[in-house]
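# Tertiary structure, described
Residue-level listing of the chains:
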Amino acid sequence: QVQLVESGGGLVQAGGSLRLSCAASESIFSINMGWYRQAPGKQRELVAGITSGGSTVYADSVKGRFTISRDNAKNTVYLEMNSLKPEDTAVYYCNAHYYGTWKIEYWGQGTQVTVSS
């Protein structure tokens, strides 16, 4: 079972930047990784994803501002967040998943990001 630990959240002013990290307990070489977020009263949504091969996908709301990357040697995935807006305020969750007979999925505990106006 893969354990995921997020870090890097915090309070930042609008226009500022944060870098989230997600450290996995074992190799992520063959695992697709992603960042999701959930704001109060809203559903959890995909922010950015990166496949085991390095392909990326972003929510329209963060394109051009957020960058997801991975360091397989460190078993870590990052989310660089720039030009932050108050609407980016949410709990950010790291996700890992791969497909065998069915989808195997793991979640981190989440890290709070608060953007003040």
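Residues numbered from 1 in each chain as written. Predicted model: local features only at pLDDT ≥ 70, side-chain atom pairs only at ≥ 80, totals over all residues. Heavy atoms only, no water.

Right, let's get into the sheet that holds strand β7 (residues 66-71). Each strand in a sheet pairs with its neighbour through backbone hydrogen bonds, running either in the same direction (parallel) or in the opposite one (antiparallel). An order of β1-β3-β8-β7 is seen for the four strands of this open sheet, with the pairing classed as antiparallel. The open sheet has two free edges, formed respectively by β1 (4-7) and β7, since each of these has just one partner strand. Taking each pair of neighbouring strands and ignoring which way they run, the sheet shows an average axis angle of 15 degrees. Bridge analysis of β7 against strand β8 (residues 76-81) gives six bridges, and the strand direction is antiparallel. Residue Asp71 lies in a different strand from β8, and its bridge partner there is Thr76. (Pairing = 2+ DSSP bridges. Helix = DSSP H or I, 4+ residues; strand = E, 2+ residues; numbered from the N terminus. Axes fitted to C-alpha atoms, helices over the stretch in contact; angles between N-to-C directions.)

Any two side chains of opposite charge can pair, so long as their charged atoms come close to each other. Applying the stated criterion to the full structure yields six salt bridges. As a salt-bridge pair, Asp60 and Lys63 come within 3.1 Å of each other at their nearest N and O atoms. Residues Asp60 and Lys63 agree in their burial class; the two are exposed. Lys103 is the salt-bridge partner of Glu105, the closest N and O atoms lying 3.5 Å from each other. Several salt bridges share partner residues, and in doing so they unite Arg37, Glu45, Arg65 and Asp88 into one network. (Salt bridge = Lys/Arg side-chain N within 4 Å of Asp/Glu carboxyl O. Buried < 20%, exposed > 50% of the residue type's maximum accessible area, 1.4 Å probe, protein only.)

Taken as a whole and judged by the stated rule, the model has one aromatic pair. Aromatic pair Tyr36 and Trp107: ring centres 4.9 Å apart, planes at 70 degrees, arrangement edge-to-face. Placement of Tyr36 in strand β4 (residues 32-38) and of Trp107 in strand β10 (residues 103-107) is noted, with a sequence separation of 71 residues between them. On the basis of relative accessibility, which here comes to 18%, the residue Tyr36 falls in the buried class. On the basis of relative accessibility, which here comes to 34%, the residue Trp107 falls in the partly exposed class. Cation over ring: Arg19 sits above Tyr78, and NZ or CZ is 4.0 Å from the ring centre. (Phe/Tyr/Trp six-rings, centres within 6.5 Å; stacked < 30°, edge-to-face > 60°. Lys NZ or Arg CZ within 6 Å of the ring centre and 35° of its normal.)

Locating Ser21 in the fold gives a position in strand β3 (residues 18-24). Given a relative accessible area of 17%, Ser21 falls into the buried group. Discounting residues that sit within four places of it in the chain, Ser21 has contacts with Val5, Glu6, Ser7, Trp35, Thr76, Val77 and Tyr78. (Contact = heavy atoms within 4.5 Å.)

Here the focus is the state of the cysteines. Enumeration according to the criterion identifies one disulfide in this entry. Shown here is the disulfide that connects Cys22 with Cys94, its sulfur atoms set 2.0 Å apart. Between Cys22 and Cys94, the S-S torsion sits near -80 degrees, and that sign places the bridge as left-handed. With Cys22 in strand β3 and Cys94 in strand β9 (residues 90-99), the pair connects residues that are 72 residues apart, well separated along the chain. The two residues Cys22 and Cys94 agree in class, both being buried. (Disulfide = S-S within 2.5 Å.)

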